[in-house]
Amino acid sequence: MNAKTALCCLIGNPVEHTLSPVIHNTLAKLTGKNLIYVPFQVDNQDVKEAILGADALNILGLNVTVPHK
């Protein structure tokens, strides 16, 4: 990871159980992509702020899971 590492994430609640980071980070490593995928637990009342924050941080990708779908 460095200053050029792209950030992708998942927002939802709960997210502790998700296998998405294992899958996406493994695929990134296998394909030589400089990115990291992390889950963020976001409460219902904070979804708008989370999306605005993702945009402000120039997050490359944002997946959304329950209950925010």
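Residues numbered from 1 in each chain as written. Predicted model: local features only at pLDDT ≥ 70, side-chain atom pairs only at ≥ 80, totals over all residues. Heavy atoms only, no water.

**Some remarks on helix α1 (residues 20-31)**
Next up, step 1: Look at α1: 16 Å from first C-alpha to last across 12 residues, which is about the 16 Å you get at 1.5 Å a residue.
Next up, step 2: S20, P21 and A28 are the residues of α1 that are buried. Along the long axis of α1, the arc covered by the buried residues comes to 90°, so they all point the same way. Exposed positions of α1 whose direction lies more than 90 degrees from the buried face are V22, K29 and L30.
Next up, step 3: In the segment just after α1, G32 is the residue with positive phi, at about 75°. (Helix = DSSP H or I, 4+ residues; strand = E, 2+ residues; numbered from the N terminus. Expected span 1.5 Å × (residues − 1). Buried < 20%, exposed > 50% of the residue type's maximum accessible area, 1.4 Å probe, protein only. Arc of directions from axis to C-beta.)

**Details of the sheet that holds strand β2 (residues 35-41)**
Next up, step 1: The three strands lie next to each other as β2-β1-β3, forming an open sheet whose pairing is parallel. With one partner strand each, in any of the chains shown, β2 and β3 (61-64) form the two edges of the open sheet. Between one strand axis and the next, the sheet turns by 20° as a mean value, whatever way the strands run.
Next up, step 2: By the bridge criterion, four bridges tie strand β1 (residues 6-12) to β3 in an arrangement that is parallel. Bridging from a neighbouring strand, I11 pairs with V64 of β3.
Next up, step 3: Lying over the sheet, α1 contacts β2 and β3, oriented at roughly 170° with respect to β2. (Pairing = 2+ DSSP bridges. Axes fitted to C-alpha atoms, helices over the stretch in contact; angles between N-to-C directions. Contact = heavy atoms within 4.5 Å.)

**Some remarks on the state of the cysteines**
Next up, step 1: Scanning the model with the defined rule gives zero disulfides in all.
Next up, step 2: The thiol sulfur of C9 is not disulfide-bonded, and the nearest other cysteine sulfur, from C8, lies at 7.5 Å.
Next up, step 3: Residue classification places C9 among the buried residues on the basis of a relative accessible area of 1%. (Disulfide = S-S within 2.5 Å.)

Spatial relationships are all this shows, so hold off on functional conclusions.
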